[in-house]
Amino acid sequence: AGERLTTLQRERDGIRGDYATAAAALSQKRTAAAKRLDQQVTGLMAELGMVGGRFETELASADDATPNAQGGERAEFLVSANPGQAPRPLRKVASGGELSRISLAIEVTTLGMDDVGTMVFDEVDSGIGGAVAEVVGKKLRRLGGKRQVLCVTHLPQVAAQAHAHLRVVKSADSNATTTAIETLDASARRDEIARMLGGVKITHETLAHAEQMLASAEDRKSV
């Protein structure tokens, strides 16, 4: 029994050494990957309307020294949405719209590195408009070329970039409220974009603008 115990202890020590070597190599790769991720996501945050914001990946040693399949450290995403603010945990400080846009930036940066088939974005256009909204739409369109992307939006600049347009309609009577989803053809989509642009009264100019936005999205290469 004593000899068997000595053998098992020797095997255990060898395996611990192998683990330490593998964990150290993983840590080096994580550190290098984190720097690239931080730079690229921070750059995209500026494009998505968070100029001066910063994204950081914090790699902290695990509290428990027991070998773990995830390696010797844990990752925490930190974010500063405004200039002059110290980065804090993303899970604690980001608003719904900011979280959606930062998630979009992460997904664009890491496109093709995972096997996620469907992504859902809600409030990704919260608090933005104009040119920034168009950039958000372009990034979503780029993702949509590789993955199925579902995006809830009220902005024509975002909706015009989609490969397909679904309209959600809610109706109510004295007995019940129902919701229906309609798939829009080319004509109906132009009209819906025009409605999003111009409100209640749709003019020839508004329709022409909607057609131009849709045509531009189809002709432009994904960015």
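Residues numbered from 1 in each chain as written. Predicted model: local features only at pLDDT ≥ 70, side-chain atom pairs only at ≥ 80, totals over all residues. Heavy atoms only, no water.

Engineer: Describe the environment of Ala75, with residues and values.
Structural biologist: Tracing the backbone shows Ala75 in strand E2 (residues 73–80). Using a relative accessible area of 59% as the deciding quantity, one classes Ala75 as exposed. The residues contacting Ala75, other than those within four sequence positions of it, are Thr57, Glu58 and Leu59. (Helix = DSSP H or I, 4+ residues; strand = E, 2+ residues; numbered from the N terminus. Buried < 20%, exposed > 50% of the residue type's maximum accessible area, 1.4 Å probe, protein only. Contact = heavy atoms within 4.5 Å.)

Engineer: Could you give me a rundown of the sheet that holds strand E3 (residues 88–89), with the residues and numbers involved?
Structural biologist: Strand-to-strand pairing in sheets goes through backbone hydrogen bonds, with the strands running parallel or antiparallel. Strand order in the open sheet formed by three strands is E1-E2-E3, with antiparallel pairing between adjacent strands. The outermost strands of the open sheet, each flanked by one partner alone, are strand E1 (54–61) and E3. Bridge count between E2 and E3: two bridges; the pairing is antiparallel. Across the sheet, residue Leu78 finds its bridge partner in E3, namely Pro89. Against the sheet, helix H1 (residues 2–47) engages E1 and E2, with an angle of about 160 degrees to E1. (Pairing = 2+ DSSP bridges. Axes fitted to C-alpha atoms, helices over the stretch in contact; angles between N-to-C directions.)

Engineer: Please give an account of the packing of helix H3 (residues 96–109) against helix H4 (residues 130–144) that cites residues and values.
Structural biologist: Direction vectors running N to C along H3 and H4 enclose 45 degrees, while the axes themselves pass 10 Å from each other. Compared by their axis directions, H3 and H4 come out oblique. Relative to H4, the crossing made by H3 is left-handed. Contacts between H3 and H4 involve Leu104, Glu107 and Val108 on the former and, on the latter, Val136, Lys139, Leu140, Arg142 and Leu143. Tallied by class, residues from the contact of H3 with H4 come to five nonpolar, no polar and three charged. (Parallel < 35°, antiparallel > 145°, perpendicular 65-115°, else oblique. Left-handed = near helix turned anticlockwise from the far one by under 90°. Nonpolar A, V, L, I, M, F, W, Y, C, P; charged D, E, K, R; others polar.)

Engineer: Give me the pattern of salt bridges: which residues, what numbers.
Structural biologist: In the structure shown here, the tally under the stated rule is 13 salt bridges. Two residues, Arg30 and Glu73, come together in a salt bridge whose shortest N-O distance is 2.5 Å. With a gap of 43 residues between them, Arg30 in helix H1 and Glu73 in strand E2 connect regions that are remote in the sequence. Taking the relative accessible area as the measure of exposure, Arg30 reaches 27% and is therefore partly exposed. Overall, the relative accessible area of 11% leaves Glu73 in the buried class. (Salt bridge = Lys/Arg side-chain N within 4 Å of Asp/Glu carboxyl O.)

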